[in-house]
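Below are the chains, spelled out letter by letter.
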Amino acid sequence: MTQAAKPKKPRQNSAFKHLMSVHWWMFYCYIVLFIGGSFMARLPRDFVLRGSMYDFHKSVGVLTMALLTWRILTLLRVWWKKYTKRLPKYSPEWMQKFALHTALYLFMWAVPISGFFFSNSFKSNNVRFFGITVPDLFPQNSALVDVGRSIHFWLAYTFGAFIILHAVDQKKVVRGFFKRITKNKKSKVKQVKG
């Protein structure tokens, strides 16, 4: 008996797997940041847990900066292995993807930095990474608090729009992601019932 030949999956090196792992960790962090940030911005100033929520938001923001650093180092490793063997084909499609990803990386850097600017302008030493004080990147300047808030707000929502463009561009990956999620949920429901 002969078995039908299974289609070969593209070979992925360990650096690429690390890159995708960091990608998904950052995805979850940004979901938390976007949902939490939108929710917190609407809270009344006297809400009891508001300060704790902002501390958590800032901690996850610092975590995304650490993950971004790891991701860039991993990306450089992937690019080195890939492009030292052969240069990319500079097609319009490649240029479009390169421009979109470059914009995404700029936003991944700019949004947390604008958050630091907003926080540091408001009060010195108020950014903490799960309780550990992070050194100020900007001097305290109460005159710039509203500017920092606006910059952080607009950069975050523009970044969100670019993430949507990225999801549309990667619709096959997004479909696969949701299929895995629904498959995992169905298998868990079967385990509970079984």
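Residues numbered from 1 in each chain as written. Predicted model: local features only at pLDDT ≥ 70, side-chain atom pairs only at ≥ 80, totals over all residues. Heavy atoms only, no water.

Labelled according to an unreviewed UniProt entry, the chain appears under the name Cytochrome b561 bacterial/Ni-hydrogenase domain-containing protein, originating from Calothrix parasitica NIES-267. Looking at the chain in UniProt, the text filed under Sequence similarities (unreviewed entry) is "Belongs to the cytochrome b561 family." (UniProt positions renumbered as here; feature names shortened; annotations may be inferred.)

Right, let's get into the overall build of the chain. Across its full length, the chain carries 5 helices and 2 strands. Reading the chain from its N terminus to its C terminus gives the helix and strand order α-α-α-β-β-α-α. Out of the 194 residues in the chain, the part that is buried amounts to 30%. Taking as baseline every contact in the chain between residues at least 6 positions apart, the subset at least 24 positions apart corresponds to 71%. Put simply, the chain shows about 14,400 Å² of open surface, and 68% of that area lies on carbon and sulfur atoms. (Helix = DSSP H or I, 4+ residues; strand = E, 2+ residues; numbered from the N terminus. Buried < 20%, exposed > 50% of the residue type's maximum accessible area, 1.4 Å probe, protein only. Contact = heavy atoms within 4.5 Å. Areas by Shrake-Rupley, 256 points an atom, 1.4 Å probe, with all protein chains shown as cover.)

Turning to the packing of aromatic side chains, a few remarks are in order. Counted by the stated rule, this structure contains 15 aromatic pairs. Taken together, a centroid distance of 5.1 Å and an interplanar angle of 80° make the contact between Tyr30 and Phe159 edge-to-face. Highlighted residues: Tyr30 in helix 1 (residues 14-41) and Phe159 in helix 4 (residues 145-169), separated in sequence by 129 residues. In this pair, the class of Tyr30 matches that of Phe159, namely buried. With a centroid separation of 5.0 Å and an interplanar angle of 70°, the aromatic rings of Phe129 and Phe130 are classed as edge-to-face. For Phe130, a relative accessible area of 47% translates into the label partly exposed. Put simply, the rings of Tyr30, Phe34, Phe107, Phe159 and Phe162 touch in pairs and so form one group of aromatic residues. (Phe/Tyr/Trp six-rings, centres within 6.5 Å; stacked < 30°, edge-to-face > 60°.)

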